[in-house]
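An overview of the molecular structure
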Amino acid sequence: AQSVTQLGSHVSVSEGALVLLRCNYSSSVPPYLFWYVQYPNQGLQLLLKYTTGATLVKGINGFEAEFKKSETSFHLTKPSAHMSDAAEYFCAVSDYNTGNQFYFGTGTSLTVIP
Amino acid sequence: DTGVSQDPRHKITKRGQNVTFRCDPISEHNRLYWYRQTLGQGPEFLTYFQNEAQLEKSRLLSDRFSAERPKGSFSTLEIQRTEQGDSAMYLCASSLRTGGEAEAFFGQGTRLTVV
């Protein structure tokens, strides 16, 4: 069975500060990992994904994430927060065998303080 | 690529009424998913289609819920005899299933309020 844990349901950072959103996964087979962002009353937009190959993946809006198999983690970072980054962020896992669905974490709400 | 489209965006209904939502996926995508999202939670899987075949249903999907995808194009999700607990955002997503690593593209959702 697959699952995702997002530590910290709410994260606040100052504008210009580092953003770090944590995601740990559980999967019995090599995972595919995703980060999505959701703005109020909107659907989910893909930020980035890891499937195979390079473990550091870059996404849109300056975000990146690193797949660490030994830590079963896929934390999302951004060097400098912008006001427009305020949103809900979801980590999700899938895999080749059960790629029929995505398992989502409970989300982290990011607040950016001016 | 016009994205995944969902209709309506908002629906308010009285308890006990039936509602139907529509999803138009990205045209070349063969997989279509329905998820439900309640406040403060991540999306929960309901069901998915590979072309016109419904291949998996979550245990969350009670007998009052039914989904179809005729001809492998658009999909509908119907909820019969709605209950207040059905109030949620219903999200549709589609993907192009190749090697399994394809991401899902989500629509903007239909927010259902049962009063």
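Look up: the structure comes first, before these words.
In this report, we go over the structure that sits alongside the text. It should be emphasised that the depicted structure is a prediction, and the values quoted were computed from it without experimental measurement. (Residues numbered from 1 in each chain as written. Chains lettered and ligands numbered in written order. Predicted model: local features only at pLDDT ≥ 70, side-chain atom pairs only at ≥ 80, totals over all residues. Heavy atoms only, no water.)

**As for the overall build of chain B**
Per the secondary structure count, chain B includes zero helices and eleven strands. Along chain B, helices and strands appear, N-terminal first, in the series β-β-β-β-β-β-β-β-β-β-β. Expected size for 115 residues packed as a compact globule is a radius of gyration near 13 Å; at 13 Å, chain B falls within 12% of this value. Expressed as a percentage of the 115 residues in chain B, the buried residues total 47%. Carbon together with sulfur atoms contributes 44% to the accessible area of chain B, which is approximately 5800 Å² in total. (Helix = DSSP H or I, 4+ residues; strand = E, 2+ residues; numbered from the N terminus. Rg over C-alpha atoms; globule rule 2.2 N^0.38 Å. Buried < 20%, exposed > 50% of the residue type's maximum accessible area, 1.4 Å probe, protein only. Areas by Shrake-Rupley, 256 points an atom, 1.4 Å probe, with all protein chains shown as cover.)

**A closer look at the nonpolar core**
Residue and element names in this part refer to chain A. Core analysis: the biggest nonpolar cluster contains 26 residues, and Trp-35, Leu-48, Phe-74, Leu-76 and Tyr-89 have the highest contact counts within it. Mapped by element, the contributors of at least two residues to this core are β2 (10–14), β3 (19–21), β5 (31–38), β6 (44–50), β8 (64–68), β9 (73–78), β10 (87–95) and β12 (108–113). Considering every element that reaches this core, the biggest residue donor is β10, with four residues. Not counting chain neighbours up to four residues away, the residues in contact with Phe-74 comprise Cys-23, Leu-33, Phe-34, Trp-35, Leu-48, Lys-49, Tyr-50, Val-57, Ala-65, Glu-66 and Phe-67. (Core = buried A, V, L, I, M, F, W, Y, C linked by side-chain atoms within 4.5 Å. Contact = heavy atoms within 4.5 Å.)

**Comments concerning the sheet that holds strand β3 (residues 19–24) of chain B**
Strand pairing in a sheet is mediated by backbone hydrogen bonds. Such pairs are either parallel or antiparallel. Residues and elements named next belong to chain B. In space, the four strands of this open sheet follow the order β1-β3-β8-β7, with antiparallel pairing throughout. Unpaired on one side and paired on the other, β1 (5–7) and β7 (65–68) mark the two borders of the sheet. On average, each strand axis in the sheet is tilted by 15 degrees relative to the strand beside it, whichever way the strands run. Two strands pair when backbone bridges link them, and β7 and strand β8 (residues 75–79) are joined in this way by four bridges, in the antiparallel orientation. Directly across from Phe-65, in β8, lies its bridge partner Ile-79. (Pairing = 2+ DSSP bridges. Axes fitted to C-alpha atoms, helices over the stretch in contact; angles between N-to-C directions.)

**Considering the state of the cysteines**
Residue and element names in this part refer to chain A. Here the structure, examined in full by the defined rule, presents two disulfides over all chains. Through a disulfide, Cys-23 is tied to Cys-91; the S-S separation comes to 1.9 Å. The disulfide joining Cys-23 to Cys-91 has a torsion of about -65 degrees about its S-S bond and is therefore left-handed. In this pair, Cys-23 sits in the loop between β3 and β4 (24–26) while Cys-91 sits in strand β10, placing the two residues 68 residues apart along the sequence. (Disulfide = S-S within 2.5 Å.)

**Notes on the interface of chain A and chain B**
When the parts of a complex come together, some accessible area is lost, and that lost area is often taken as the interface size. On the chain B side, the residues contacting the 22 residues of chain A number 25 residues. Together chain A and chain B conceal approximately 1900 Å² of surface at their shared face, both sides included; 49% is due to carbon and sulfur atoms. The tally of links between chain A and chain B comes to one salt bridge. Viewed at the interface, chain B and chain A are joined by five residue pairs in polar contact (both at pLDDT 80 or more). Those elements that provide at least two residues to the side of chain A that touches chain B are β5, β6 and β10 of chain A. (Buried area = accessible area lost by both parts, 1.4 Å probe. Salt bridge = Lys/Arg side-chain N within 4 Å of Asp/Glu carboxyl O. Polar contact = N/O pair within 3.5 Å; in protein donor to acceptor, adjacent residues only side chain to side chain.)

**So, the packing of aromatic side chains**
Note on aromatic pairs: each is described by the distance of the centres and the angle between the planes. One pass over the structure, following the stated rule, counts 17 aromatic pairs over all chains. Ring centres of Tyr-35 of chain B and Phe-106 of chain B lie 5.9 Å apart, and the angle between their planes is 55 degrees; on these two criteria the pair is classed as tilted. Within this pair, whereas Tyr-35 of chain B is found in strand β4 (residues 31–37), its partner Phe-106 of chain B is found in strand β10 (residues 105–106), the two being separated by 71 residues in sequence. For Tyr-35 of chain B, a relative accessible area of 0% translates into the label buried. Measuring from centroid to centroid gives 6.4 Å for Phe-45 of chain B and Tyr-48 of chain B, while their planes differ by 50 degrees, and the two rings are tilted. Here a set of aromatic residues connected by ring pairs shows up, and it is made of Phe-34, Tyr-36, Phe-102 and Phe-104 of chain A together with Tyr-33, Tyr-35, Phe-45, Tyr-48 and Phe-106 of chain B. The cationic tip of Arg-22 of chain B hangs over the ring face of Phe-74 of chain B; the distance from NZ or CZ to the ring centre is 3.9 Å. (Phe/Tyr/Trp six-rings, centres within 6.5 Å; stacked < 30°, edge-to-face > 60°. Lys NZ or Arg CZ within 6 Å of the ring centre and 35° of its normal.)

**Topic: unusual backbone geometry**
Cis rather than trans, the peptide bond between Asp-7 of chain B and Pro-8 of chain B has omega equal to -5 degrees. Summarising the element assignment, Pro-8 of chain B is placed in the loop between β1 and β2 (10–13). You will see that Asn-61 of chain A, though not glycine, has its phi angle at about 60 degrees, which is positive. Within the secondary structure, Asn-61 of chain A is located in the loop between β7 (56–58) and β8. A relative accessible area of 44% places Asn-61 of chain A in the partly exposed class. Residue Thr-72 of chain A is not a glycine yet carries a positive backbone phi of 45 degrees. Counting through the fold element by element, Thr-72 of chain A comes out in the loop between β8 and β9. On the accessibility criterion, Thr-72 of chain A (32% relative accessible area) is partly exposed.

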